[in-house]
Amino acid sequence: MNRFDVTVVHDEFEPGFHTAKILENGLPIVLSGTKMLLETGGTLAGDASE
């Protein structure tokens, strides 16, 4: 089994509450979808591209 690390950097956002809320709500979904794609080759259920 291959192993690799993924580092996510979000350094071009203005600091503030709004940005933190966007990342708090959206980033876990993006990371979960990326993990699913890398592990299985498939996408999360409900993917808009289906």
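Structure shown above.
Peer 1: Run through the overall build of the protein chain, naming residues and quoting values.
Peer 2: Along the backbone of the protein chain there are 1 helix and 0 strands. Going through the 50 residues of the protein chain one by one, you find that 6% of them count as buried. When the accessible area of the protein chain is evaluated, it comes to approximately 4,700 Å², of which 59% is carbon and sulfur surface.

Peer 1: Can you tell me about a nonpolar patch on the surface, naming the residues and giving the values?
Peer 2: Nonpolar side chains collect at one region of the surface, where Phe-4, Val-6, Val-8, Leu-31 and Leu-38 lie side by side and expose about 460 Å² of accessible area between them. Take Phe-4: it is sitting in the segment before helix 1 (17–40).

Peer 1: Run through the pattern of salt bridges, naming residues and quoting values.
Peer 2: This model, assessed by the stated rule, comprises 2 salt bridges. Asp-5 is the salt-bridge partner of Arg-3, the closest N and O atoms lying 3.3 Å from each other. For the pair shown, Arg-3 and Asp-5 are each scored as exposed. The shortest N-O distance in the salt bridge between Glu-39 and Lys-35 comes to 2.9 Å. One end of the pair, Glu-39, and the other, Lys-35, are both in helix 1, 4 residues apart, so they sit about a helical turn from each other.

Peer 1: Requested: an account of helix 1, with residues and values cited.
Peer 2: Here helix 1 spans 35 Å end to end across 24 residues, near enough to the 34 Å set by a 1.5 Å rise per residue. Along helix 1, the sharpest change in direction is near 35 degrees and occurs at Gly-26; proline Pro-28 comes one to four residues later. For helix 1, the set of buried residues is Thr-19, Leu-23 and Gly-33. Following helix 1 by one or two positions, Gly-41 adopts a phi angle in the positive range, close to 85 degrees.

Thresholds, definitions, all that
Residues numbered from 1 in each chain as written. Predicted model: local features only at pLDDT ≥ 70, side-chain atom pairs only at ≥ 80, totals over all residues. Heavy atoms only, no water. Helix = DSSP H or I, 4+ residues; strand = E, 2+ residues; numbered from the N terminus. Buried < 20%, exposed > 50% of the residue type's maximum accessible area, 1.4 Å probe, protein only. Areas by Shrake-Rupley, 256 points an atom, 1.4 Å probe, with all protein chains shown as cover. Patch = residues over 30% accessible without salt bridge, like charges linked within 9 Å, V, L, I, M, F, W, Y side chains within 5 Å. Salt bridge = Lys/Arg side-chain N within 4 Å of Asp/Glu carboxyl O. Expected span 1.5 Å × (residues − 1). Bend = angle between axes of the 7 residues up to and from the residue.

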